[in-house]
Amino acid sequence: MADVKADGGAPALRPKPLSPHLQVWRWHITMAASILHRVTGVGMYVGALILTGWAVSLAGGPDAYAGYMNLLGSPLGKLVLFGLTVAVFFHMANGVRHLVWDYGKGFQPKTADFTAVVAMAFAVVAAVAVWAIALIMGAAG
Amino acid sequence: MSGKTGYRTPLSRARGLGSAKDGVGHFIGQRASAIALLFLLLWGVWSALKLAPLGYEGAAGWLHSPIHAALLVLLLATGFYHVRLGAQVIIEDYVHTPITKTLSLLANTFLCYGALVLAALSVLKVAFSVSGAV
C-alpha cells in the first residue's frame, strides 16, 4: 500500500483493519493439517527432483546409478526418503479431504477435525508399513 | 497510471478490471492431476519397493517394459505439472514484490519443465536401450 499515494495521488487513507493473522489464532488441528498440506507439497517438489536425479543417474550407467543409490541409502538419504514417504501419504489423504470439500461435503467442524486426524494417522501408519515391507523385502538394507 | 487515472482510488481502479480469467483452468488442472497422482503415486511407491534391492541391471531391465516406462513418464509429467501449480499458489501468496514475484514464477516454470524433460529423456533412453548396453 506504500505506493498508493505516489502512484495515484489518492487522499491519505486511514490504516485499514487487517484480518487476523497467525499469531492471534488459537492453534487448531485443521489449521495444522492445512499448513502440513503446504509443507508436504513443497517436500514433494523436492521429491520430484530426487526422482529426476534417479532417472538421470540410471541413464548415466551402472557407476552413476550405484553412486546415486549409495547417496539415497546413506543415513541422511534414508531420513529424507522416510520423510518423503510420510509426506506422500499425508498429502494424498489430505488431498482426498480437499476433493470431498470441493464436492461440498465434510465442512462440519467435528467432521473436519476428525478427517484431519485421520489424514495424519494414515500418513504415519502407511509410511511405517511401507518401510516395514521394505525391510522385509531387503530394500532398505 | 498517474496520468488520466490519477484521481481514482485504488478500489475504483480495480473495479471492472475483472479477474485474470484463467483461475478456473488452474483449479481444474490441479484437481485433475491430483486424481491421476492418487493412482500413479501408489504405483510409484510400490515400484520403488520392488526396485530398491535390485541394483542397476534390475532397474534398467524393469524400465525395458513399455508399461513401466509409460507409467513412469506419466508420473513425472503429472507430478511436475501438479507441483508447478501448487508452487505457483505459494509464490503468489507470499511474494508480492512485482519483479521478485515474476522471476520466482518464471524460475518455477523453468525448473519444472526443465527437470521433467531431463527425467523423461533419461527414462526413454534406458527404455529404448538394448538390454545389456546403455
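Residues numbered from 1 in each chain as written. Chains lettered and ligands numbered in written order. Predicted model: local features only at pLDDT ≥ 70, side-chain atom pairs only at ≥ 80, totals over all residues. Heavy atoms only, no water.

### Points about the overall build of chain A
Piece 1. Along its length, chain A carries 5 helices and 0 strands.
Piece 2. For chain A, the succession of helices and strands along the chain, N to C, is α-α-α-α-α.
Piece 3. For chain A, the share of sequence-separated contacts (at least 6 apart) that also reach a separation of at least 24 residues comes to 69%.
Piece 4. Accessible surface, chain A: about 8,800 Å² in total, of which carbon and sulfur atoms supply 74%. (Helix = DSSP H or I, 4+ residues; strand = E, 2+ residues; numbered from the N terminus. Contact = heavy atoms within 4.5 Å. Areas by Shrake-Rupley, 256 points an atom, 1.4 Å probe, with all protein chains shown as cover.)

### Some words on the interface of chain A and chain B
Accessible area lost upon the coming together of the parts is a frequently used measure of interface size.
Piece 1. On the chain B side, the residues contacting the 35 residues of chain A number 45 residues.
Piece 2. For the pair chain A and chain B, the two sides together bury roughly 3,200 Å², of which 77% comes from carbon and sulfur.
Piece 3. Broken down residue by residue, the surface that chain A buries against chain B is led by Arg38, Tyr45 and Leu58 of chain A, which jointly contribute 20%.
Piece 4. If you look at where chain A meets chain B, you find 2 salt bridges.
Piece 5. Applying the counting criterion to the chain A and chain B interface returns 5 residue pairs in polar contact (both at pLDDT 80 or more).
Piece 6. Elements represented by at least two residues in the side of chain A that touches chain B include exactly α1 (4-8), α2 (29-60), α3 (62-73), α4 (75-102) and α5 (109-137) of chain A. (Buried area = accessible area lost by both parts, 1.4 Å probe. Salt bridge = Lys/Arg side-chain N within 4 Å of Asp/Glu carboxyl O. Polar contact = N/O pair within 3.5 Å; in protein donor to acceptor, adjacent residues only side chain to side chain.)

### Concerning the nonpolar core
Piece 1. Residues Trp54, Leu58 and Phe89 of chain A together with Leu63 and Leu72 of chain B are the most contacted members of the largest nonpolar core, which totals 53 residues.
Piece 2. For this core, the elements supplying multiple residues, two or more each, are α2, α3, α4 and α5 of chain A together with α2 (23-51), α3 (55-63), α4 (66-94) and α5 (98-128) of chain B.
Piece 3. Broken down by element, this core gets its largest block of residues, 10 residues, from α2 of chain A.
Piece 4. Apart from residues no more than four positions distant in its own chain, leucine 72 of chain B is found in contact with Leu51 and Trp54 of chain A together with Trp43, Trp62, Leu63 and Val123 of chain B. (Core = buried A, V, L, I, M, F, W, Y, C linked by side-chain atoms within 4.5 Å. Buried < 20%, exposed > 50% of the residue type's maximum accessible area, 1.4 Å probe, protein only.)

### Some thoughts on the side chain of serine 122 of chain B
Piece 1. Relative to the elements of secondary structure, serine 122 of chain B occurs in helix α5.
Piece 2. Discounting chain neighbours no more than four positions away, the residues touching serine 122 of chain B are Ala55, Val56 and Ala59 of chain A.

### Details of a nonpolar patch on the surface
Piece 1. A cluster of nonpolar side chains, namely Ile99, Leu103, Leu106 and Phe110 of chain B, defines an oily patch on the protein surface of about 440 Å² accessible area.
Piece 2. Along the chain, isoleucine 99 of chain B turns up in helix α5. (Patch = residues over 30% accessible without salt bridge, like charges linked within 9 Å, V, L, I, M, F, W, Y side chains within 5 Å.)

### Focus on the packing of aromatic side chains
Piece 1. In this structure the tally under the stated criterion is 6 aromatic pairs over all chains.
Piece 2. With centroids separated by 6.0 Å and ring planes inclined at 65°, the aromatic side chains of tyrosine 65 of chain A and tyrosine 56 of chain B adopt a geometry described as edge-to-face. Placement of the pair is tyrosine 65 of chain A in helix α3 and tyrosine 56 of chain B in helix α3, with the two residues belonging to separate chains. Take tyrosine 65 of chain A and tyrosine 56 of chain B: they sit in the same class, and that class is buried. (Phe/Tyr/Trp six-rings, centres within 6.5 Å; stacked < 30°, edge-to-face > 60°.)

### Concerning the environment of histidine 37 of chain A
Residue and element names in this part refer to chain A.
Piece 1. Following the sequence through the fold, histidine 37 ends up in helix α2.
Piece 2. Taking the C-alpha atoms as reference, histidine 37 lies 26 Å from alanine 55; in sequence the two are 18 residues apart.
Piece 3. Non-local contacts of histidine 37, meaning those with residues more than four positions away in its chain, are made with Phe90, His91, Asn94, Gly95 and His98.

### A short note on the confidence of the model for chain B
Piece 1. Chain-level pLDDT for chain B is 90 on average; 93% of the residues reach the 70-or-more range.
Piece 2. Taken together, the chains of this predicted complex give a pTM of 0.84 and an interface ipTM of 0.86. (pLDDT = per-residue confidence, 0-100.)

### Describing the environment of glycine 47 of chain A
Piece 1. Structurally, the position occupied by glycine 47 of chain A is in helix α2.
Piece 2. With 34 residues separating them in the primary sequence, glycine 47 of chain A and leucine 81 of chain A have C-alpha atoms 8.3 Å apart.

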